[in-house]
Amino acid sequence: MWIELPLLIVIVILLYIFVILKVIRRVWHFPAPAFIGRGLNSRPRKRIQPPRMLVEALGLRPGAIVAEIGCGPGTFTIDVAKAVSPNGHVYAIDIQQGMLDQLQSNIDREHIANVYPILADASGRIPLDEESVDFIYSVTVLPEIPDRIGALKEVRRLLKSGGLYADAELVFDPDWPLPRTVKKWADAAGFSFKKQLGSFLRYVLVFSKE
Ligand SMILES: C[S@@+](CC[C@H](N)C(=O)[O-])C[C@H]1O[C@@H](n2cnc3c(N)ncnc32)[C@H](O)[C@@H]1O
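Structural notes, computed from the coordinates. (Residues numbered from 1 in each chain as written. Predicted model: local features only at pLDDT ≥ 70, side-chain atom pairs only at ≥ 80, totals over all residues. Heavy atoms only, no water.)

Looking only at helices and strands, the protein chain features eight helices and seven strands. Computed over its C-alpha atoms, the radius of gyration of the protein chain comes to 17 Å, within 12% of the 17 Å expected for a compact globule of 210 residues. Principal-axis analysis of the C-alpha atoms places the extent of the protein chain at approximately 60 × 40 × 30 Å. Scored against the burial criterion, the 210 residues of the protein chain give a buried share of 46%. Considering only contacts in the protein chain between residues 6 or more positions apart, those separated by 24 or more positions represent 74%. Roughly 11,100 Å² of accessible area belongs to the protein chain as shown, and the carbon and sulfur atoms make up 61% of that amount. A distance of 5 Å separates the average location of the 25 positive side-chain charges in the protein chain from that of its 22 negative side-chain charges. (Helix = DSSP H or I, 4+ residues; strand = E, 2+ residues; numbered from the N terminus. Rg over C-alpha atoms; globule rule 2.2 N^0.38 Å. Buried < 20%, exposed > 50% of the residue type's maximum accessible area, 1.4 Å probe, protein only. Contact = heavy atoms within 4.5 Å. Areas by Shrake-Rupley, 256 points an atom, 1.4 Å probe, with all protein chains shown as cover. Lys, Arg positive; Asp, Glu negative; His and termini not counted. Charge placed at Lys NZ, Arg CZ, Asp CG, Glu CD.)

It is worth spelling out the site of the ligand at this point. Taken together, the neighbourhood of the ligand is formed by 22 residues, with R45, G70, D94, Q96 and D121 sitting nearest. Between the ligand and the protein, one listed contact pairs a nitrogen atom with a backbone N or O atom of G70 at 2.7 Å. Residue D94 places a side-chain N or O atom 2.6 Å away from an oxygen atom belonging to the ligand. With the chains in place, 97% of the 590 Å² that the ligand exposes on its own is no longer accessible. (Near = heavy atom within 4 Å. Polar contact = N/O pair within 3.5 Å; in protein donor to acceptor, adjacent residues only side chain to side chain.)

Let's shift gears to helix 6 (residues 97-109). Compared with an ideal rise of 1.5 Å per residue, which puts 13 residues at 18 Å, helix 6 spans 18 Å between its outermost C-alpha atoms and is within 8% of the ideal. Where helix 6 is concerned, the buried positions are M99, L100, L103, N106 and I107. The buried residues of helix 6 occupy an angular sector of 120° when the element is viewed end-on, so they sit on one face. Packed against the buried residues of helix 6 are helix 2 (37-40), helix 5 (77-84), strand 2 (89-94) and strand 3 (115-119). (Expected span 1.5 Å × (residues − 1). Arc of directions from axis to C-beta.)

For the rest of this paragraph, the subject is the packing of aromatic side chains. Taken as a whole and assessed by the stated rule, the structure comprises six aromatic pairs. On the numbers, 6.3 Å between centres and 20° between planes, the contact of Y165 with F207 is stacked. Pair noted here: Y165 is in strand 5 (residues 159-170) and F207 is in strand 7 (residues 202-208), with a separation of 42 residues, a long-range link. Put simply, the rings of Y165, F191, F193 and F207 pair up and form one aromatic cluster. (Phe/Tyr/Trp six-rings, centres within 6.5 Å; stacked < 30°, edge-to-face > 60°.)

For the pair helix 7 (residues 148-158) and helix 8 (residues 179-188), the least separation of the axes is 8 Å and the interaxial angle reads 60°. The angle between helix 7 and helix 8 places the two elements in the oblique class. Classified by chirality, the crossing of helix 8 by helix 7 is right-handed. Across the interface between the two elements, R148, I149, L152 and K153 from helix 7 touch W185, A186 and A188 from helix 8. (Axes fitted to C-alpha atoms, helices over the stretch in contact; angles between N-to-C directions. Parallel < 35°, antiparallel > 145°, perpendicular 65-115°, else oblique. Left-handed = near helix turned anticlockwise from the far one by under 90°.)

This brings us to the side chain of D167. Looking at where D167 falls in the secondary structure, it is placed in strand 5. Look at D167: it is buried, it has no salt bridge, and the nearest opposite charge is R148 at 9.9 Å. Here the side chain of D167 touches S138 through a polar contact of 2.9 Å, side chain to side chain. The residues contacting D167, other than those within four sequence positions of it, are S138, L142, V182, Y203, V204 and L205. (Salt bridge = Lys/Arg side-chain N within 4 Å of Asp/Glu carboxyl O.)

Taken as a whole and assessed by the stated rule, the structure comprises five salt bridges. E131 serves as the salt-bridge partner of K209, at 3.0 Å between the closest nitrogen and oxygen. Residue K209 is found in the segment after strand 7, and its partner E131 is found in the loop between strand 3 and strand 4 (133-139); the two are separated by 78 residues along the sequence. As a salt-bridge pair, E210 and K194 come within 3.9 Å of each other at their nearest N and O atoms. Within this pair, whereas E210 is found in the segment after strand 7, its partner K194 is found in strand 6 (residues 192-199), the two being separated by 16 residues in sequence. In this structure, E210 and K194 share a single accessibility class: exposed.

If you want it as structure tokens, here you go:
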């Protein structure tokens, strides 16, 4: 009993903070602040949402040209860059320089040379050519972009015909949407749904540009 009560109190406090964050996010849209980068790139987070899941969901192979929307500190970028090496590369796009600085130090530490950071708003114009990318993915990013359908249309513009886009979401994200909500956004941007991996609490949805 002496250990259960403090545990219960911690769980209730965490739930309370989570609900408050969810309410704040409903009314106030802003990118996840760069200071949470360490938490995003932490070991417990990678256990809950393993970076390899994107590699498997998209069937990434050496030589592929990939873009990541909202790369943050590079939690997923590094595994993807290794999977497409040699000859392949990753464009790591984020709206915040603070996140790209963390990405740069993480890729430097791992001696990774096939990641190209790009500072851009995904719902605007990403400075890459039309139909120049084989695969695009985003992890816990889409719901925090106010114009998600605009961002998905931009993703579609960059993808080669037959290219795949994957979106991964996690219930612990205060912005977490249901899979059917993401499917609606993707449908509105002209994507075809291919498959879902995982449960509705932690999932990857894969879409194609026909
Ligand atoms: C919750 S973090 C997730 C970071 C990373 N994908 C991960 O899962 O560790 C969301 C990221 O998306 C970026 N972001 C938000 N809005 C964006 C936009 N309109 N264009 C590009 N990046 C954006 C934020 O700066 C932040 O790095």
